[in-house]
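Chain and residue survey
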Number of protein chains: 2
Amino acid sequence: MYSEAALVRKIRRRFSESGAEVGIGDDAAVVDLPDGCRAVLCSYLLVENTHFERRTHPSDSVGFKSIAVNVSDIGAMGAVPTRCLISMAVPADLEESWIDGFLDGAAEACRSFNVAIVGGDSSSSERIFVDVSMMGHVEAGRAVRRNGARAGDRIYVTGCLGGAALGSTRLESGPRTDPAIRRHLYPEPRHRLGRQFAPQATAMIDVSDGLSIDLGHIVTESGVSARIERDSVPCHPGAGIEMALHGGEDYELLVTAPDLPAEVDGVPVVRIGEIIAGESNRIVLVGDSGEAILEPRGWQHFRPDARQASA
Amino acid sequence: MYSEAALVRKIRRRFSESGAEVGIGDDAAVVDLPDGCRAVLCSYLLVENTHFERRTHPSDSVGFKSIAVNVSDIGAMGAVPTRCLISMAVPADLEESWIDGFLDGAAEACRSFNVAIVGGDSSSSERIFVDVSMMGHVEAGRAVRRNGARAGDRIYVTGCLGGAALGSTRLESGPRTDPAIRRHLYPEPRHRLGRQFAPQATAMIDVSDGLSIDLGHIVTESGVSARIERDSVPCHPGAGIEMALHGGEDYELLVTAPDLPAEVDGVPVVRIGEIIAGESNRIVLVGDSGEAILEPRGWQHFRPDARQASA
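**Regarding the overall build of chain A**
- In terms of helices and strands, chain A carries eight helices and 13 strands.
- For 311 residues, the compact-globule estimate of 2.2 N^0.38 gives 19 Å, and the C-alpha radius of gyration of chain A, at 20 Å, lies within 12% of that figure.
- Out of the 311 residues belonging to chain A, those deemed buried represent 57%.
- Considering only residue pairs separated by 6 or more positions, chain A has 84% of its internal contacts joining residues 24 or more positions apart.

**A look at the domain arrangement of chain A**
Residues and elements named next belong to chain A.
- Domain annotation for chain A reports domain 1 (4-139) and domain 2 (154-301).
- Every element with two or more residues in the side of domain 1 that touches domain 2 is listed here: α2 (59-75) and β3 (80-90).
- The element contributing the most residues to the side of domain 1 that touches domain 2 is α2, with 10 residues.

**Side note on the relation of the copies chain B and chain A**
- Least-squares fitting of chain B to chain A yields an RMSD of 0.0 Å, with the superposition described by an axial translation of 0.0 Å and a rotation of 180°. A rotation of that kind, with that shift, is consistent with a two-fold axis.

**Structural notes on the nonpolar core**
- Grouped together as the largest cluster of nonpolar side chains are 197 residues, with contacts concentrated most on Val40, Leu41 and Ile67 of chain A together with Val40, Leu41 and Ile67 of chain B.
- For Ile67 of chain B, the residues in contact, after removing those within four places along its chain, are Cys84, Ala106, Ala109, Cys110, Phe113, Val115 and Val132 of chain B.

**Points about helix α7 (residues 211-222) of chain A**
Residue and element names in this part refer to chain A.
- For α7, built from 12 residues, the straight-helix expectation of 16 Å at 1.5 Å per residue is met to within 8% by its first-to-last C-alpha distance of 16 Å.
- Among the 12 residues that make up α7, 10 are buried, leaving the element largely enclosed by the rest of the structure.
- Listing the buried residues of α7 in full gives Leu211, Ser212, Ile213, Asp214, Leu215, Gly216, His217, Ile218, Val219 and Ser222.
- Buried residues along α7 sit in contact with β7 (203-206), β8 (225-229), α8 (241-246), β9 (253-257) and β12 (283-287).
- Just downstream of α7 lies Gly223, where phi reads positive at about 70°.

**A closer look at the interface of chain B and chain A**
- Taken together, the contact pairs 60 residues of chain B with 60 residues of chain A.
- Every element with two or more residues in the side of chain B that touches chain A is listed here: α1 (4-14), β1 (29-31), β2 (37-47), α2 (59-75), β3 (80-90), β4 (116-124), β5 (129-139) and β7 (203-206) of chain B.
- At nine residues, the largest contribution of residues to the side of chain B that touches chain A is made by β2 of chain B.
- Looking at the side of chain B that touches chain A residue by residue, the classes come out as 31 nonpolar, 13 polar and 16 charged.

**Quick notes on the sheet that holds β2 of chain B**
- Taken in spatial order, the five strands line up as β1(A)-β2(B)-β5(B)-β3(B)-β4(B) in an open sheet, and their pairing is mixed. Because the sheet does not close on itself, it has two edges, and the strands there are β1 (29-31) of chain A together with β4 of chain B. Here the strands of the sheet are splayed against their neighbours by 20° on average, with no regard to which way each runs.
- For β3 of chain B and β5 of chain B, the ladder comprises nine bridges, and the chain directions are antiparallel. Its bridge partner being in β5 of chain B, Cys84 of chain B is matched across the sheet by Met134 of chain B.
- α2 of chain B contacts β2, β3 and β5 of chain B of the sheet and is inclined by roughly 145° relative to β2 of chain B.

**What to know about the packing of α2 of chain A against helix α3 (residues 96-113) of chain A**
All names here are of chain A.
- Where α2 meets α3, the axes come as close as 6 Å, and the angle between the chain directions of the two elements is 35°. Crossing hand, α2 versus α3: right-handed. The residues of α3 that touch α2, namely those facing Ser59, Asp60, Ser61, Val62, Gly63, Phe64, Ser66, Ile67, Ala68 and Val71, are Trp98, Gly101, Phe102, Leu103, Asp104, Gly105, Ala106, Glu108, Ala109, Cys110 and Phe113.
- When grouped by side-chain class, the residues that make up the contact of α2 with α3 number 12 nonpolar, six polar and three charged.

**A word on the sheet that holds strand β5 (residues 129-139) of chain A**
- Pairing is mixed across the open sheet formed by five strands, whose spatial order is β4(A)-β3(A)-β5(A)-β2(A)-β1(B). Only two strands of the sheet have a single partner each, and these edge strands are β4 (116-124) of chain A together with β1 of chain B. Between one strand and the next, the sheet's axes are offset by a mean angle of 20°, whatever the strand orientation.
- Relative to the sheet, α2 of chain A contacts β2 (37-47), β3 and β5 of chain A, its axis offset from that of β2 of chain A by approximately 145°.

**Here's the deal with the pairing of β7 of chain A**
Residues and elements named next belong to chain A.
- Both faces of β7 are covered, namely the face carrying Ala203 and Ile205 and the face carrying Met204 and Asp206.
- Strand direction decides the pairing type here: β7 and β9, joined by four bridges, are antiparallel. Counted as the bridge partner of Ile205 is Leu254 from β9.

**Some words on the confidence of the model for chain A**
- Confidence in the prediction for chain A averages 90 pLDDT; 94% of positions are at 70 or higher.
- Under a pLDDT of 50 for its full length, residues 303-311 of chain A has, in the predicted model, 28 contacts with residues more than four places off or in other chains.

**Comments concerning unusual backbone geometry**
Residue and element names in this part refer to chain A.
- Although it is not a glycine, Asn114 adopts a positive phi angle of roughly 60°.
- Among the secondary structure elements, Asn114 is positioned in the loop between α3 and β4.
- Even without a glycine there, the phi angle at Glu249 is positive, about 70°.
- Assignment of secondary structure puts Glu249 in the loop between α8 and β9.

**Remarks on helix α4 (residues 163-170) of chain A**
All names here are of chain A.
- Burial analysis of α4 places six of its eight residues in the buried class, which makes it a mostly covered element.
- Looking at α4, one finds that the buried residues are Gly163, Ala164, Ala165, Leu166, Gly167 and Ser168.
- Looking at the buried residues of α4, the elements they touch are α5 (179-185) and α8.

About the thresholds
Counting of residues starts from 1 at the beginning of each chain's written sequence and follows it residue by residue. Numbering of ligands from 1 and lettering of chains from A proceed in the order in which they are written. Per-residue local features are limited, in this predicted model, to residues with pLDDT of at least 70; the limit for side-chain atom pairs, both in listing and counting, is 80 or more; totals at the level of whole chains, interfaces and linings are taken over all residues. Helix and strand labels come from DSSP, where a helix needs a run of H or I of at least four residues and a strand needs a run of E of at least two; each type is numbered from the N terminus. Computation of the radius of gyration draws on C-alpha atoms alone. For the globule rule, the value is 2.2 Å times the number of residues to the power 0.38. Exposure classification rests on a simple neighbour count of other C-beta atoms within 10 Å of a residue's own: a residue reaching 20 or more is buried, one at 12 or fewer is exposed, and one in between is partly exposed. C-beta atoms are placed from the backbone. It is the C-beta atoms, placed from the backbone, that decide contacts: two residues are in contact if theirs lie within 7 Å. A domain assignment, automatic or from a database, supplies the domain bounds used here. Our superposition of the copies is a least-squares fit, built on the C-alpha atoms of residues whose pLDDT is at least 70 in both. Note on definitions: a nonpolar core is a set of buried residues drawn from Ala, Val, Leu, Ile, Met, Phe, Trp, Tyr and Cys, linked by C-beta atoms within 7 Å. What a helix is expected to span follows from its residue count: subtract one and scale by 1.5 Å. Residues are grouped as follows: nonpolar covers Ala, Val, Leu, Ile, Met, Phe, Trp, Tyr, Cys and Pro; charged covers Asp, Glu, Lys and Arg; every other residue, Gly included, is treated as polar. Note on pairing: two strands pair once DSSP finds at least 2 bridges between them. Throughout, an axis means a line fitted to C-alpha atoms (over the contacting stretch in the case of helices), and angles, computed between N-to-C directions, take values from 0 to 180 degrees. Crossings are sorted by hand: turned counterclockwise from the far helix by less than a right angle, the near helix makes the crossing left-handed, and turned clockwise it makes it right-handed. A residue's pLDDT is the confidence the predictor assigns to it, expressed on a 0 to 100 scale.

Written as structure tokens, this is what we have:
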């Protein structure tokens, strides 16, 4: 039997050094912001049997991912992630080793991304449910939104795409050292690149639902269309173009800007197309056999049980 | 079938006017803080069949409560609640009327407490799961914690206690107009009083788990003990002293201070005892038949299925 009081004590011991004016264990946490900055807020749900399964996903990957995906969202605004709240509901008979693994993964992500856990809530439930809310900061008026892309902007993507989708198909049988499986389990957010792109970027989003869906958000919000060169889309080794176009959870950055360098901090920044005028908000895919409209599909093609959209 | 994309569209339409620099629909929200203030953060989970049942709890009460309980936590720091994120996981076959009712209740609470919803996340799950994270602000160094109570301070409670516990026992059969049932379903946070008490208060907490548990947090965190006069504890009409001492979810404020007025904004502020020296962190209950130690119990006595602790 794993009691919630024990869970709270464990989290509090583990994350007591948050640097907050008031941290875990009071009604609310009190944190500082640098002068002239705006608070940036987001949250991300991870639900057992929707986002992960206890059988196939090590608990440290669930903990790591719950932090990493929020860091990615904050970074995609050109902001700096700083603090978070973890809310967890767990079954009363959950093994303590699952919790320990989860906290190991969350702690590792917090260290890697320089984020502190300052509070949260806990409860019991039939399935494991994790919601992490994160705060960051950005200079006033400097947040990079999805709605600023303009005709003539180039479209860039960092790293390569399709690896997480490939990894999810190999999860049952592959070794934990497989780079594609690691991408699925321990995503590497590009928040530091997002911060560097912010002064040039006209629009930015992280590729969480898949390129076809996430670029769709940019063209729709910006009131433009896009042309993508099929052959220039960087595919993860072993992943085909379909996974690169529609597989989600890569947490690479998709950026529109007049010009970006071809590499930043050792990460390739690949030009895959350009923004064009057109209120139809379409994405034209240009390949050897001509042009076709790229319809939004997303990674539910690879994992039919998975979630369809995020707020 | 209720899709998550439809849920996101509905929330976005409903709460589009948040006053945030960037609101719902981007990777993260961007919000402003008054100069010289600190951000205050908290979150609260509501899990179907743990905190509420679809059969007995109207969905607008779940929406209202998800906001109100966070407002209460922010207020118990002496801070002003301003923005929140709503994360929801719902079954795919949930009736749209449940969602509409939930959003009606959340909107009503946001209006009442002057809070804006600026983002969140959504997913599917077998049971309804709601996590609201809230941000507020407080002047630097002015947050009222649980650890400042000193021997000689008086102990005060706002309003009366035990009503929510009483309401939870009547929920199956009583009318929705019953004040005790309304207390359970639509709690009224005392955040505006919390703000007013802040300059005088040495410690403050909202009574969410029950007086015996929540006063226990103050004496433990402050390294003191307490004496409570049994006859001075204000009981909700119809609720006995046991419900007032151990029933939770009243969301009244429990405050220690040298002196507070007997009434603020029409709400009674009742002196129920005093802080005494004593590292044993005990609560002594003084009644007609002498003194006894008040052991922490909490409202699980009234609803055995309910949660035991919060972070």
